[in-house]
Amino acid sequence: MRARPGVLVATVAACLVTTVLGVPAASADGLGDRTVAEQPATGTPQVLDGRVYAVVQVGGTIVLGGTFSRVRDAGTGPVLRRRGLLAFDATTGRIDRSFDARVVGEVRALEAAADGRSVYVGGTFTRVAGKPRARLARVRVADGSVVGSFRPGRVAGKVRDLALRDGRLWVGGAFTHIGGRRQVALATLAPATGRATSYMSLRVRGNHRRGVTQVLKLDLTPDGSRLVAVGNFARLGDRRSHQLLVLRLGGSRARPAGFRTRFFEAPCSRAYDSYLRDVDVSPDGRFFVVTTTGAYGGPDGPCDSASRFETRAQGSRVQPSWVDRTGGDTSYAVEVTATAVYVGGHQRWWNNPFAGNRPGPGAVRREGIAALDPLNGLPLSWNPGRTRGVGVFDFLATDQGLWVVSDTTWIGGLRRARVALLPAAEPAVPSSRTTTVPTEVYVAAPAGLDRLVRRSLTATAAGAPSDVATDPAGAQDWRAVRGAFMVDGWLHVAHRDGTFTRRTFDGTTLGPERAVAAQDRLRPLTSWRADVRAATSMAYQDGRLYFTRAGAAALYYRYFSPESGVVGAQRRVASRGVPGFRPGRLRGLVLTRDHAYVVGADGVLRRTGWRSGPISSAPVGGTARRVSGSGDGWLGRAVFAFQGPDGAPLPAAPTAPTGPTEPTEPTGAADTGTGATRAPVAAASTIDRAGSSDPDLLLGFDEATGAMGSVIGSVENAGSLPVEVSVATGNGGRVRRDVGTLATGARFPAVDARTGPAAAVVVRPAMEAADDGLSPGGGRFTFGADFAIDAESEGTSTDNGDNVVQRGLYQDDAQYKLQVDHRRVSCRVAGDRGHVVVVATTRVRPGTWYRATCSRRLRVVTLTLARVRADELTWARSRSRPRRWTGTGRIGRVVFDRSVPLAVGAKVLPEGAVAVSDSDQLNGVVDNVHLDRPGR
């Protein structure tokens, strides 16, 4: 993957709007600092079979290469025969009818020629445009004809990647001879003639385990000074260089760089000759990222991972700056931009080092495509989702957006057959800046008192303390704090109960408290909660959250992304202590670029040197200097420096309580199911809800866009609870707009005993919510929905009913569930002391709309059922006479772990996936899903 101009990641409501092709053709400047939408643009062509392995832009034309043979313009036009190569207009998306290269064989690599009118093509093909051309050719974009002057001669083996730079065509592959010369795996050719040059004369030899020596992918730095390649090899010349090599370019020939690593000598699965899959250099050339396959290999290995290396690192055992692991799934293509590392494969999770083929503690769901933070590899909130298949084989970032090519047909909740454009959008994600001095520093709970004290700080002295009257008063018990830091106007706080939160803070006014726990969605990261409870100091810098623990003589760190709210699954050691820096005695920590300001157990504020490094930063021994004495009130529960939005300092005279200048909201992404997009949380509805105008949860589908029968990708909550809503699918199932005559609702898959299609709407409490509003505890609550089941609603012997609304599974300690089984409606409510089941004595009719409500009050569960006419399908009291059934028994408290989803339409597992083997799929239509806790 060649380094290309960058893309900026954000998730905003505007990004969810489908964009139509029509912007000017891309330039070399790329996206700059713009964002990328989660939903793909319309108008892109359809590749109807095979795989698309490569994408490149030549002037105003996009060219695709792969193993396909049938293509079609967007929509329902005629099917065209295009073997191996396809060209279409970058602005309109229309397939170029005059371009037909008729490739016989497989295309694996493309590179635009310098003339802007032709493209280099590599692979395993034998003929192009009716002419014999084996494995490497140059093709005119105007008509697909071969450029006859480019003749590389016999290419004895596969071509896997190409790059053109400084008048040299770099070729990587599994060949032994090319351009009339013996040169194994990596060669340079004259771009005009295809003849080999002696610039690349180093021997690439050996292999990882077995198989043919080959270069699979290569990339160059923007200034042309370095080349990075990955593949099945063990040595570069006489130097050990296992599966990854770095060349120093310039002068008359290529030379080995001082970079070598043994990180990829780990065996991984024996099924692979080489487990490295792609490499891409950052736009500024400072680092590159490598993706791998290899099956789960434990929490510390390179298998099934993405890893960052610094390009100019020196040594024989260079270590990655960071590694993120999927837990056993392959990542193929990688594209590094200014603020994101895009990865595509058949991965299901990231931040998942502790489990194989399942989500472990801290795992974050990102199906098939993800954006990782360049600082630490953690998943950002951007999460379009895609049908996983084998994977994404290539990315291309242009000023239009991010092109994605693969072997599958769904991305961002929409059908895009093997090629999609995720269009450019705004705004930019704010950068996380390092604190500078002079600054204002706060001490929480000095001398154990519930107060907050502010004082100025320079490099050598501290000002007098002054009490801060925070607004609203009592919003924060400072005695319960165990660590704190500020990033871009957000105060992050570690609490003694193990929770980690953020809130806006302008120096006096505190905003609402919001949980920061995106890594706890699937399986809680309990080790981080233990770290929070034990913390004695805390600070953030460059994607790393540094902290000390009571009773431990080490400075630790975890990766942390303020943008997505994800905390890294692994705890690492930054320092065991150096002269003048004793981690076991730290009671406060503030970091600048060159210094660490630390409060010791003696209450003295000291400054020590702080050395930045690619893996982590660390204190410099013997550099400690006293800044302020022990009697100055530094000893408290936390010490943090002020940092306003965009890194701004504290205003000279903050005025309260007029309210803070709201910083840009970190997205704090929740994990969603396959192909899901997050729905924005609507304001409280004013519709009549039978006496309550502020329901907790109310899901309707009238706002779903598209024609009847189109796929629903987002759902709105018209209630007051902050929730995140997604769609999970399996076995080809989809949730679609209802094509019936009664109302617009959500149609779930019809019965198909052969394939068992499954789909569900998944609801989770929002990450920023202080409590789990979907967990009713011991209080009164109601839940239900409007529904109409199909005539055939039980397809197999294991289809045990139609699940309408459900949270928790039968075997769990807590559950509430509304289902239709053999046309009888039932409610089940289970708590920590027992359960009650209520079953209607009448049967519902297929195709007829009903409103079912289950309510719990103390020991009594009531089921209410009424027929609903067409004009009653808004949330209002039904005018039909309802029937009621009750049941009584011990229930207790109905309390869930926050990771347990509420599901509509099918059974959903804790990780958010549909239980496809036993889904209890509802076959019919649903609307107005509701839950309420009166009096809360």
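The numbers attached to residues start from 1 for each chain and follow its sequence in the written order. With the structure being a predicted model, the display of local features is reserved for residues of pLDDT at least 70 and the display and counting of side-chain atom pairs for 80 or more, all residues being used for whole-chain, interface and lining totals. Processing note: side-chain calculations cover all non-hydrogen atoms of the structure and skip hydrogens and water entirely.

Asks: Mind laying out the overall build of the protein, listing which residues take part and the relevant values?
Replies: Secondary structure elements follow DSSP: runs of H or I no shorter than four residues count as helices, runs of E no shorter than two count as strands, and numbering proceeds from the N terminus. Along the backbone of the protein there are one helix and 72 strands. Per-residue burial for the protein yields a buried fraction of 61% across its 936 residues. Partitioning the contacts of the protein with sequence separation of at least 6, the portion at a separation of at least 24 is 60%. Every accessible area reported is derived by Shrake-Rupley at a probe size of 1.4 Å, with residue values counting cover from the shown protein chains alone. Of the accessible surface of the protein, which amounts to about 32,900 Å², a share of 49% is contributed by carbon and sulfur atoms. Relative accessibility under 20% of the residue-type maximum defines a buried residue, over 50% an exposed one, and the middle range a partly exposed one, all with a 1.4 Å probe and only protein chains included. What makes two residues a contact is simply this: any of their non-hydrogen atoms within 4.5 Å.

Asks: Which residues make up the packing of aromatic side chains, and what are the values?
Replies: Pairing of aromatic side chains requires ring centres within 6.5 Å, counting the rings of Phe and Tyr and the six-membered ring of Trp. Pairs whose planes differ by under 30 degrees are stacked, by over 60 edge-to-face, and all others tilted. Using the criterion set out here, one finds 33 aromatic pairs in the structure. For the ring pair Trp528 and Phe547, a centre distance of 6.0 Å and an interplane angle of 70° mean the geometry is edge-to-face. Residue Trp528 is found in helix 1 (residues 526-534), and its partner Phe547 is found in strand 47 (residues 544-549); the two are separated by 19 residues along the sequence. Of the two residues examined, Trp528 and Phe547, each falls in the buried class. Every member of this aromatic cluster is reached through a ring pair, and the members are Phe485, Phe500, Trp528, Tyr540, Phe547, Tyr556 and Phe560. One residue, Arg168, lies across the ring of Tyr199, its end atom 3.5 Å from the ring centre. Sitting over a ring, as applied to charges here, requires NZ of Lys or CZ of Arg to be within 6 Å of the ring centre and within 35 degrees of the ring normal. Just above the ring of Tyr556 sits the side chain of Arg571; from NZ or CZ to the centre is 4.9 Å.

Asks: Break down empty space enclosed by the protein for me, citing the residues and quoting the values.
Replies: Over the atoms, a rolling probe the size of a water molecule traces out where space has been left empty. As defined here, a cavity is a set of points on a 1 Å grid over the protein atoms alone where a 1.4 Å probe fits but cannot get out. A pocket is an open set with protein on both sides within 12 Å along at least five of seven lines, and residues line them when an atom is within 4 Å of a point. Grid points are joined across faces, edges and corners, and a volume is the space filled by probe spheres set on the points. Within the structure shown, the criterion is met by seven cavities of 30 Å³ or more. The computed volume of the largest cavity comes to approximately 130 Å³. Contributing to the lining of the largest cavity are 17 residues, with Thr435, Phe485, Met486, Ala539 and Tyr540 lying nearest its centre. Only strand 42 (481-487), strand 46 (535-541), strand 51 (586-591) and strand 56 (638-641) provide two or more residues apiece to the lining of the largest cavity. Sort the elements by how many residues they give to the lining of the largest cavity and strand 42 lands first, with four residues. Any residue outside Ala, Val, Leu, Ile, Met, Phe, Trp, Tyr, Cys, Pro, Asp, Glu, Lys and Arg is labelled polar, Gly included; the first ten of those are nonpolar and the last four are charged. Within the lining of the largest cavity, the residues separate by chemical class into 13 nonpolar, three polar and one charged.

Asks: Describe in detail the sheet that holds strand 25 (residues 276-281), supporting the description with residues and values.
Replies: Strands are labelled as partners when DSSP assigns at least two bridges between them. Spatially, four strands are ordered 25-26-27-28 in an open sheet, and the strand pairing comes out antiparallel. The sheet is open, and its two edges are formed by strand 25 and strand 28 (322-325), each paired on a single side. The average angle at which neighbouring strand axes cross in this sheet is 15°, direction not considered. Bridge analysis of strand 27 (residues 305-310) against strand 28 gives four bridges, and the strand direction is antiparallel. Its bridge partner being in strand 28, Ser307 is matched across the sheet by Val323. Interaxial angle, 0 to 180 degrees, is taken between N-to-C directions of lines fitted to C-alpha atoms, where a helix line uses only the stretch in contact.

Asks: Describe the pairing of strand 67 (residues 834-839), and please don't skip the residues or the numbers.
Replies: Where strand 66 (residues 824-831) and strand 67 come together, six bridges link them in antiparallel fashion. When the bridges of strand 67 are listed, Val829 appears paired with Val836. Hairpin geometry of strand 66 and strand 67 is characterised by an intervening segment of two residues between the two adjacent antiparallel strands.

Asks: Could you give an account of the pattern of salt bridges, naming the residues involved and the relevant values?
Replies: The term salt bridge refers to a side-chain nitrogen of Lys or Arg lying within 4 Å of a carboxyl oxygen of Asp or Glu. One pass over the full model with this rule turns up 31 salt bridges. Here Arg108 makes a salt bridge to Glu106, at a shortest N to O gap of 3.3 Å. Among the salt bridges present, the one from Asp329 reaches Arg348, with a minimum N-O distance of 2.8 Å. Residue Asp329 is located in the loop between strand 28 and strand 29 (331-336), and its partner Arg348 is located in the loop between strand 30 (341-345) and strand 31 (349-350); the two are separated by 19 residues in the primary sequence. On the accessibility criterion, Arg348 (16% relative accessible area) is buried. Salt bridges sharing partners connect three or more residues here, namely Asp329, Arg348, Arg365, Glu367 and Arg388.

Asks: An account of the state of the cysteines is needed here, citing residue identities and associated values.
Replies: For the purposes of this analysis, a disulfide is any pair of cysteine sulfur atoms at a distance within 2.5 Å. Using the criterion set out here, one finds two disulfides in the structure. Paired through a disulfide, Cys268 and Cys303 show a sulfur-sulfur distance of 2.0 Å. Residues Cys268 and Cys303 are joined by a disulfide whose S-S torsion is about -100°; by sign, that bridge is left-handed. With Cys268 in the loop between strand 24 (255-256) and strand 25 and Cys303 in the loop between strand 26 (287-292) and strand 27, this residue pair connects regions lying 35 residues apart in the sequence. An identical accessibility class is assigned to Cys268 and Cys303; each is buried. Linked covalently through their sulfurs, Cys827 and Cys854 form a disulfide whose S-S length is 1.8 Å.

Asks: Go over the sheet that holds strand 9 (residues 118-123), please, and point to the residues and values.
Replies: If you trace the three strands from one edge of the open sheet to the other, you get 8-9-12, paired in antiparallel fashion. The sheet is open, and its two borders are formed by strand 8 (107-112) and strand 12 (136-140), each paired with just one other strand. Strand after strand, the sheet turns through a mean of 25° between neighbouring axes, direction not considered. Here strand 8 pairs with strand 9 via five bridges, running antiparallel. Pairing of Val107 across the sheet is with Gly123, part of strand 9.

Asks: Hey, could you go over the side chain of Arg133 for me, with residue numbers and the actual values?
Replies: Structurally, the position occupied by Arg133 is in the loop between strand 11 (131-132) and strand 12. Of the side chains with opposite charge, Asp143 lies nearest to the buried Arg133, which makes no salt bridge, at 13 Å. With sequence-adjacent residues up to four places away left out, Arg133 is seen in contact with Phe125, Thr126, Arg127, Val128, Val146, Gly148, Phe150 and Arg151. Charge counting follows a simple rule: Lys and Arg are positive, Asp and Glu are negative, and His as well as the terminal groups are ignored.

Asks: Kindly report on the confidence of the model for the protein, identifying the contributing residues and their values.
Replies: In this model, the protein carries an average pLDDT of 87, and 87% of its residues clear a pLDDT of 70 or more. You can read pLDDT as the predictor saying how much it trusts each residue, on a scale of 0 to 100. Here residues 653-661 is modelled with pLDDT under 50, and outside its nearest four sequence neighbours on either side it reaches 11 contacts, counting other chains as well.

Asks: Which residues make up the nonpolar core, and what values go with them?
Replies: In these notes, a set of buried Ala, Val, Leu, Ile, Met, Phe, Trp, Tyr and Cys residues joined through side-chain atoms within 4.5 Å is what counts as a nonpolar core. Of all hydrophobic cores here, the largest spans 51 residues; its most connected members are Leu699, Phe783, Phe787, Tyr816, Leu818, Val825 and Leu902. Take this core: its biggest share by element is five residues, from strand 63 (residues 781-789). In terms of nonpolar packing, the next biggest core, distinct from the first, is built from 28 residues, Trp350, Ala370, Tyr559 and Trp610 among them.

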